[in-house]
Number of protein chains: 4
Amino acid sequence: MKNALIVGAGAGLSASLARKLHAAGWQVALAARNTVKIEALAGETGASLHVCDSVEPDDVSRLFVTLDTAGEAPSLVIYNPSFRVRGPVATLLPSQVRRALDVCAFGAFLVAQQAAQRMLSAGHGTILFSGASAGVKGFALSAPFAMGKFALRGLAESLARELHPKNIHVCHFVIDGGIASATRVASPGSDQLLDPDAIADSYLHVLSQPRSSWSSEMAVRPWVEKF
Amino acid sequence: MKNALIVGAGAGLSASLARKLHAAGWQVALAARNTVKIEALAGETGASLHVCDSVEPDDVSRLFVTLDTAGEAPSLVIYNPSFRVRGPVATLLPSQVRRALDVCAFGAFLVAQQAAQRMLSAGHGTILFSGASAGVKGFALSAPFAMGKFALRGLAESLARELHPKNIHVCHFVIDGGIASATRVASPGSDQLLDPDAIADSYLHVLSQPRSSWSSEMAVRPWVEKF
Amino acid sequence: MKNALIVGAGAGLSASLARKLHAAGWQVALAARNTVKIEALAGETGASLHVCDSVEPDDVSRLFVTLDTAGEAPSLVIYNPSFRVRGPVATLLPSQVRRALDVCAFGAFLVAQQAAQRMLSAGHGTILFSGASAGVKGFALSAPFAMGKFALRGLAESLARELHPKNIHVCHFVIDGGIASATRVASPGSDQLLDPDAIADSYLHVLSQPRSSWSSEMAVRPWVEKF
Amino acid sequence: MKNALIVGAGAGLSASLARKLHAAGWQVALAARNTVKIEALAGETGASLHVCDSVEPDDVSRLFVTLDTAGEAPSLVIYNPSFRVRGPVATLLPSQVRRALDVCAFGAFLVAQQAAQRMLSAGHGTILFSGASAGVKGFALSAPFAMGKFALRGLAESLARELHPKNIHVCHFVIDGGIASATRVASPGSDQLLDPDAIADSYLHVLSQPRSSWSSEMAVRPWVEKF
């Protein structure tokens, strides 16, 4: 059985990923700070649920030990959490800058470290990070998100260079645009918001790449998005 | 019937693309300066063959008129030609620098222009360019290839920004490593050379992306490749 | 009188900057966690000394209030602190990853925020960040430094886009190579290590740019450095 | 005597460079397709004038031989020519795409090759290329300029990697905005157009860098320019 772990599981991209992985024969584990909102998803996809604050080292380490014990050490780990606050630099709260660094990047490190330890033992694995255009271009009035997503990209690049030769595939996705959801809907036929199912298909494509032809970064954006 | 055109068709990536597109139900046209070497491929994939020097405006325009007449105006066009010469800047031949610019970039413009004219009329289409790591990083002792592949990337970026909002998908592939071929084989199991079938799968994935989630650049490299 | 603040003042680049700014008529303030080691430099350059841990919001805010009270609110602020730890991702200490994010990026935000508040009131100013090649390329076995320096670059880009139109110049320096120091000397004549005086000259050049021609990033590296 | 050559000499940036180099003690040679318009500048700066079409190999080689004969082989060479045409990809003239590649990039190669041959013999030298934001980002409706300026950047990167270890400094400037001129004036005090004197100061700064701290790319833009 192939075991996957999705951290930061919510109703959007994570749900699409869980459904597509389940359909492809993966046993999925979903981890989030609050798992109430994803109980239905877990039921639908046969996924296990795990309460975990991804910025807490103990929480993250406990999560992986639990999966170890259940015989479900993941060979695919996806990190989705994000925290964004906007505003002029003069009025931002330092605590929110720290939160952006923690959720976007420090938690990604914690999860990737636990994942890498197991994948190095297993001799293979895949780690996927969900980034944003803010990780490639630092936008005005959005310093905390730029800091967090740039840091995530630095982490992903470093890990790709370290782990690819160890047979562990690392890829950073640049999601450049808004994601459609139940509460955020584009005009019919406009396709102005990223369909989470389409993003998930790109994740699964990268997952399917043989090691002679790995991508370490992939950007997706709506056809009408400025860039 | 879906019509595809592959320019610069040879025995490697182009052959993989032709086979996979044929298997997916596309009618394929293959264009090359010399079509003798791809006759077997054409037979195998039911492709039409077209003699065309992609750096000659008249040749390129004639190619598309021929396809128009046959009712096979392509909704997918792939540009593969490449020309590389290495050496210290002091001893390179200017004629070879011009050839690198012509084959890597000017021909790509000619083909993309003809393709775009038809796709704009049709209201949709996909244009894919085969680039190299030399288009992202200018390596020492390889100025002509750097110039040609950088120019190709500039073309692809400009066209993606112009044509995406017109419902025409443009993507530039960065092939970062050597491609395996009949005459260039990696040690068994080492996967040190890109499998052209794997690259072709990434092209077909990009081709399959719905317009809410388009990639405009995608890099692939072997797991052991330094970057 | 023109007032400058250098945060993270040590014996290398900061000392060169202090001397050159002093020679150019600036009143310099030096801030560091431990000021004992820079007492001689302060004496030499007429600089004021300030104990400040740049990752502590209260320390940073107190530093600027002290300068305000002394009538020395800076129109030039330079952020130099850095923290680097290397190792395989599997064995890094999370506390050190957090420290790299804090020293390289969170402290830079704290200092930039206080600086921006005053410069926005004054209607002008310059903020310079000392980055590294790790902020542009994530090297293997160096994830924490990559995360910290990428985050710094994201901060700098965001602030340049926000503050340039407010007449505040922001520039991020990519120092790509080792810096020569009393304890780290290159072979005579080899120039393999960056001369801190030379780096400081580039900082002063950027400082001198009129606003019609501002740089927001500048990289410097030894002639023999691979890149 | 220090000898400098400016190719593509006109009334804007080239004139500022000629004046500042002359003031700094350089003997300047000015090369252009038409030298009538720069006769006054030559008189003012004591520069020699040379008719040269920089995209013609014979012209370029003859130019350098002339300078050799005069004992003025340059240790500083600056390449400024540019050709830009805008329009939808569907209606661009192929001849203009070729012209953009020729003027922006092929001519730059020809000049750099002759320069490098002499600088390699001399054991030192500086080659500076005038690029544009189009060399970093491919804008819509501007494919030819993107192709030409991307190619120039690829050339510059390749040469920096080859020639820096040979003690020849190569730098590519990204001029990101319009340059003020006699016929193109910004509103007083707005500083919305790049002052060519300010750009020239950045060129001279790079020229002054010791080899322990070389820049290989430098971008300048007006404070109000979007990027």
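The structure displayed is predicted, hence computed values, not measured ones.

Engineer: What am I meant to see in the overall build of chain A here?
Structural biologist: A tally of regular secondary structure across chain A gives 6 helices and 7 strands. Taken over the C-alpha trace, chain A has a radius of gyration of 17 Å; the compact-globule value for 227 residues is 17 Å, and the two agree within 12%. Projected onto its principal axes, the C-alpha coordinates of chain A cover approximately 50 × 40 × 40 Å. When each of the 227 residues of chain A is scored for burial, the buried share is 61%. Just so you have it, chain A exposes about 8000 Å², and 52% of that area is on carbon and sulfur atoms.

Engineer: Would you mind going over the environment of Glu 225 of chain C with me for this structure?
Structural biologist: All names here are of chain C. Within the secondary structure, Glu 225 is located in the segment after β7 (217-220). Residues Glu 225 and Gly 46 lie 179 residues apart in sequence; the distance between their C-alpha atoms is 36 Å. When residues no more than four places from it in sequence are discounted, the contact partners of Glu 225 are Asp 176 and Gly 177.

Engineer: Before we go on, may I ask you to explain the pairing of strand β6 (residues 168-175) of chain D in this structure?
Structural biologist: Two faces make up the sheet, and in a regular strand the side chains alternate between them. Residues and elements named next belong to chain D. Of all the 8 residues making up β6, 8 are buried; the element is thus mostly covered by neighbouring parts of the structure. Residue alternation in β6 divides its side chains into two sets, Ile 168, Val 170, His 172 and Val 174 and His 169, Cys 171, Phe 173 and Ile 175, and both sets are buried. Pairing of strand β5 (residues 125-132) with β6, which is carried by 8 bridges, proceeds in the parallel orientation. Following the sheet pairing, Ala 132 is matched in β6 by Ile 175. Note that the unit made of β5, helix α5 (residues 143-163) and β6 has a crossover that is right-handed. With 4 bridges connecting them, β6 and strand β7 (residues 217-220) associate as parallel partners. Among the inter-strand pairings, Phe 173 is bridged to a residue of β7, identified as Met 218. You can see the chain leave β6, run along helix α6 (residues 196-208) and come back into β7, and the turn it takes is left-handed.

Engineer: Teacher, can you tell me more about the confidence of the model for chain A here?
Structural biologist: Any segment with low pLDDT has predicted coordinates that should not be analysed in fine detail. Per-residue pLDDT for chain A has a mean of 97; in total, 100% of the residues score no lower than 70. The complex model carries a pTM of 0.98, and its ipTM stands at 0.98.

Engineer: How should helix α6 (residues 196-208) of chain B be read in this particular structure?
Structural biologist: Owing to its 3.6 residues per turn, the α-helix aligns residues three or four sequence positions apart on the same side. Here α6 of chain B is 13 residues long and its end C-alpha atoms lie 18 Å apart, about the 18 Å a rise of 1.5 Å per residue gives. Among the residues of α6 of chain B, Pro 196, Ala 198, Ile 199, Ala 200, Ser 202, Tyr 203, His 205, Val 206 and Leu 207 of chain B are the ones counted as buried.

Engineer: Can you walk me through the pattern of salt bridges in this structure?
Structural biologist: Side-chain pairing between opposite charges can occur once the charged atoms of the two side chains come close. Scanning the entire structure with this criterion turns up 36 salt bridges over all chains. The residue Asp 102 of chain D makes a salt bridge to Arg 98 of chain B at a minimum N-O spacing of 3.3 Å. Highlighted residues: Asp 102 of chain D in helix α4 (residues 94-122) and Arg 98 of chain B in helix α4 (residues 94-122), drawn from two different chains. Of the residues examined, Asp 102 of chain D reaches a relative accessible area of 11% and is grouped as buried. Owing to a relative accessible area of 24%, Arg 98 of chain B belongs among the partly exposed residues under this scheme.

Engineer: It is not clear to me how the relation of the copies chain A and chain C should be interpreted in this structure. Could you clarify?
Structural biologist: Both copies of the chain are related by one operation, a rotation about an axis with a shift along it. Turning chain A through 180° and shifting it by 0.0 Å along the axis lays it on chain C, with an RMSD of 0.0 Å. Here the copies are linked by what is in effect a two-fold axis. Relative to the rotation axis, the C-alpha of Ala 151 of chain A is the closest in chain A, positioned 2.3 Å from it. By residue overlap, the copies meet face to face through one surface: 100% of the interface positions of chain A are interface positions in chain C.

Engineer: Before we go on, may I ask you to explain the packing of aromatic side chains in this structure?
Structural biologist: Centre-to-centre distance and the angle between the planes together describe a pair of aromatic rings. In total, this model carries 4 aromatic pairs over all chains according to the counting rule given. Look at Phe 173 of chain B and Tyr 203 of chain B: their rings are 3.8 Å apart centre to centre, the planes differ by 10°, and that puts the pair in the stacked class. Taken together, the positions of Phe 173 of chain B in strand β6 (residues 168-175) and Tyr 203 of chain B in helix α6 put the pair 30 residues apart, joining distant regions of the chain. Pair check on accessibility: Phe 173 of chain B and Tyr 203 of chain B agree, each one buried. Here the basic side chain of Arg 98 of chain A rests over the ring of Phe 106 of chain C, its NZ or CZ set 4.5 Å away from the ring centre. Positioned above the aromatic ring of Trp 223 of chain B, the side-chain terminus of Arg 211 of chain A is 3.7 Å from the ring centre.

Engineer: Explanation requested: the packing of helix α1 (residues 13-23) of chain C against helix α6 (residues 196-208) of chain C in the structure shown.
Structural biologist: Residue and element names in this part refer to chain C. The geometry of α1 relative to α6 is characterised by a closest axis approach of 8 Å and an angle of 55° between their N-to-C directions. If you check the angle between α1 and α6, you find them oblique. Taken as a pair, α1 and α6 cross one another with a handedness that is right-handed. Note on element contacts: α6 touches α1 through Pro 196, Asp 197, Ile 199, Ala 200, Asp 201, Tyr 203, Leu 204 and Leu 207, opposite Leu 13, Ser 16, Leu 17, Lys 20 and Leu 21. Classifying every residue of the contact of α1 with α6 by side-chain character gives 9 nonpolar, 1 polar and 3 charged.

Engineer: When you look at the interface of chain A and chain C in this model, what are you seeing that I'm missing?
Structural biologist: Interface size, as often reported, equals the accessible area lost upon joining of the parts. With 41 residues of chain A at the interface, the matching set in chain C holds 42 residues. Taken together, both faces of the contact between chain A and chain C bury some 3300 Å²; the carbon and sulfur share is 68%. The three residues of chain A that bury the most area against chain C are Val 89, Arg 98 and Phe 150 of chain A, which together make up 19% of that side's buried surface. Inspection of the chain A/chain C interface yields 2 salt bridges.

Engineer: Explain helix α1 (residues 13-23) of chain A here, please?
Structural biologist: Inspection of α1 of chain A places Leu 13, Ser 14, Ala 15, Ser 16, Leu 17, Ala 18 and Leu 21 of chain A among the buried residues, and these make up the whole buried set. One or two residues past the end of α1 of chain A sits Gly 25 of chain A, with phi positive at roughly 95°.

Engineer: For this particular structure, what's the right way to read the pairing of strand β4 (residues 76-79) of chain D?
Structural biologist: Residue and element names in this part refer to chain D. With burial as the criterion, each face of β4 is covered, one bearing Leu 76 and Ile 78 and the other bearing Val 77 and Tyr 79. Alignment of strand β1 (residues 2-7) against β4, held across 4 bridges, turns out to be parallel. By the bridge assignment, Ala 4 is partnered in β4 with Leu 76. Inspection of the sheet shows β4 paired to β5 by 4 bridges, in the parallel sense. Bridge pairing in β5 links Ile 78 to Leu 128. Handedness of the crossover joining β4 and β5 through α4 is recorded here as right-handed.

Calculation rules
- Residues numbered from 1 in each chain as written.
- Chains lettered and ligands numbered in written order.
- Predicted model: local features only at pLDDT ≥ 70, side-chain atom pairs only at ≥ 80, totals over all residues.
- Heavy atoms only, no water.
- Helix = DSSP H or I, 4+ residues; strand = E, 2+ residues; numbered from the N terminus.
- Rg over C-alpha atoms; globule rule 2.2 N^0.38 Å.
- Buried < 20%, exposed > 50% of the residue type's maximum accessible area, 1.4 Å probe, protein only.
- Areas by Shrake-Rupley, 256 points an atom, 1.4 Å probe, with all protein chains shown as cover.
- Contact = heavy atoms within 4.5 Å.
- Pairing = 2+ DSSP bridges.
- Right-handed = clockwise from strand over helix to strand, strands pointing away.
- pLDDT = per-residue confidence, 0-100.
- Expected span 1.5 Å × (residues − 1).
- Salt bridge = Lys/Arg side-chain N within 4 Å of Asp/Glu carboxyl O.
- Least-squares fit on C-alpha atoms with pLDDT ≥ 70 in both.
- Phe/Tyr/Trp six-rings, centres within 6.5 Å; stacked < 30°, edge-to-face > 60°.
- Lys NZ or Arg CZ within 6 Å of the ring centre and 35° of its normal.
- Axes fitted to C-alpha atoms, helices over the stretch in contact; angles between N-to-C directions.
- Parallel < 35°, antiparallel > 145°, perpendicular 65-115°, else oblique.
- Left-handed = near helix turned anticlockwise from the far one by under 90°.
- Nonpolar A, V, L, I, M, F, W, Y, C, P; charged D, E, K, R; others polar.
- Buried area = accessible area lost by both parts, 1.4 Å probe.

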